[in-house]
Amino acid sequence: MEIRNAALVLVVIDNRVLLAEKLDKVGKGLLNGYGGKVEDNETFREAVSREFKEETGGATIVPDDLEQVALTWFQNAHKDKKPVLWKIPVYVARQYHGV
């Protein structure tokens, strides 16, 4: 089975969580943290920081400041495709900059 990597970050400031509305694909219209796939030669922390910047229109988080709070695994299989196992660490950011 193919294993793919992604990462997710929840921004938590003063006991409030910054979430984004999913605009397309799985979960469209629901709220979620920020994140996505890990690119080649990218760490999980670098990937989630890049995704956060892309998804917020320029706000940044510092990869070294992220606290890993969970490691999730899930399998998804689309009709007529081979199943994929996803490895997804979940991080918390206590601050962000911009936007």
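See the structure shown above.
Structure report, in brief. Model, not experiment: these values are computed from the prediction. Here the residue numbers are simple positions, counted from 1 along each chain's written sequence. Side-chain atom pairs in this predicted model are given and counted only at pLDDT of 80 or more, local residue features only at pLDDT of at least 70, and totals for whole chains, interfaces and linings cover all residues. As a convention, hydrogens and water are excluded, and side-chain values are obtained from all of the structure's heavy atoms.

Brief notes about the overall build of the protein chain
Part 1: Strands are runs of DSSP state E lasting at least two residues, helices are runs of H or I lasting at least four, and both sets are numbered from the N terminus onward. Scanning the protein chain from terminus to terminus reveals one helix and seven strands.
Part 2: Of the regular secondary structure in the protein chain, the N- to C-terminal order runs β-β-β-β-β-α-β-β.
Part 3: For this measure, only C-alpha atoms enter the radius of gyration; the expected value for a globule follows 2.2 Å times N^0.38, where N is the number of residues. Taking 99 residues into account, the globule formula puts the C-alpha radius of gyration at 13 Å, and the protein chain, at 14 Å, falls close to it.
Part 4: Principal axes of the C-alpha set define a box for the protein chain whose edges measure 45 × 30 × 25 Å.
Part 5: Between buried and exposed lies partly exposed: a residue is buried under 20% and exposed over 50% of the maximum accessible area for its type, with that area taken using a 1.4 Å probe on protein chains only. Each of the 99 residues in the protein chain was classed as buried or not, and the buried ones make up 27%.
Part 6: Taking as baseline every contact in the protein chain between residues at least 6 positions apart, the subset at least 24 positions apart corresponds to 53%.
Part 7: Total accessible area computed for the protein chain in this model is approximately 6,900 Å², and 50% of it derives from carbon and sulfur atoms.
Part 8: When charges are tallied, Lys and Arg are placed among the positive residues and Asp and Glu among the negative ones, while His and the ends of the chain are skipped. We put the charge of a Lys on NZ, of an Arg on CZ, of an Asp on CG and of a Glu on CD. Here the protein chain contributes 14 positive and 15 negative side-chain charges, whose respective centroids are spaced 6 Å apart. Every residue pair with non-hydrogen atoms within 4.5 Å of one another is taken to be in contact. Only the protein chains shown count as cover for residues, and all accessible areas are computed by the Shrake-Rupley method using a 1.4 Å probe.

Overview of the packing of aromatic side chains
Part 1: Centre distance within 6.5 Å is the pairing criterion for rings of Phe, Tyr and Trp, where only the six-membered ring of Trp is used; planes under 30 degrees apart are then read as stacked, over 60 as edge-to-face, and the remainder as tilted. Taken as a whole and judged by the stated rule, the model has two aromatic pairs.
Part 2: Ring geometry for Tyr34 against Phe52: centres 5.0 Å apart, planes inclined by 80°, an arrangement best described as edge-to-face. In this pair, Tyr34 is assigned in strand β5 (residues 34-37) and Phe52 in helix α1 (residues 44-56), connecting sequence segments 18 residues apart. Considered together, Tyr34 and Phe52 belong to a single accessibility category, that of buried residues.
Part 3: Taking 6.0 Å as the distance between ring centres and 70° as the angle between the ring planes, the aromatic pair formed by Phe52 and Tyr96 counts as edge-to-face. Of the two residues, Phe52 is situated in helix α1 and Tyr96 in the segment after β7 (84-93); the sequence distance between them amounts to 44 residues.
Part 4: Relative accessible area serves as the criterion here: at 0%, Phe52 is assigned to the buried category.
Part 5: By relative accessible area, Tyr96 is classed as partly exposed at 30%.
Part 6: One aromatic cluster is present, built from ring pairs that chain together Tyr34, Phe52 and Tyr96.

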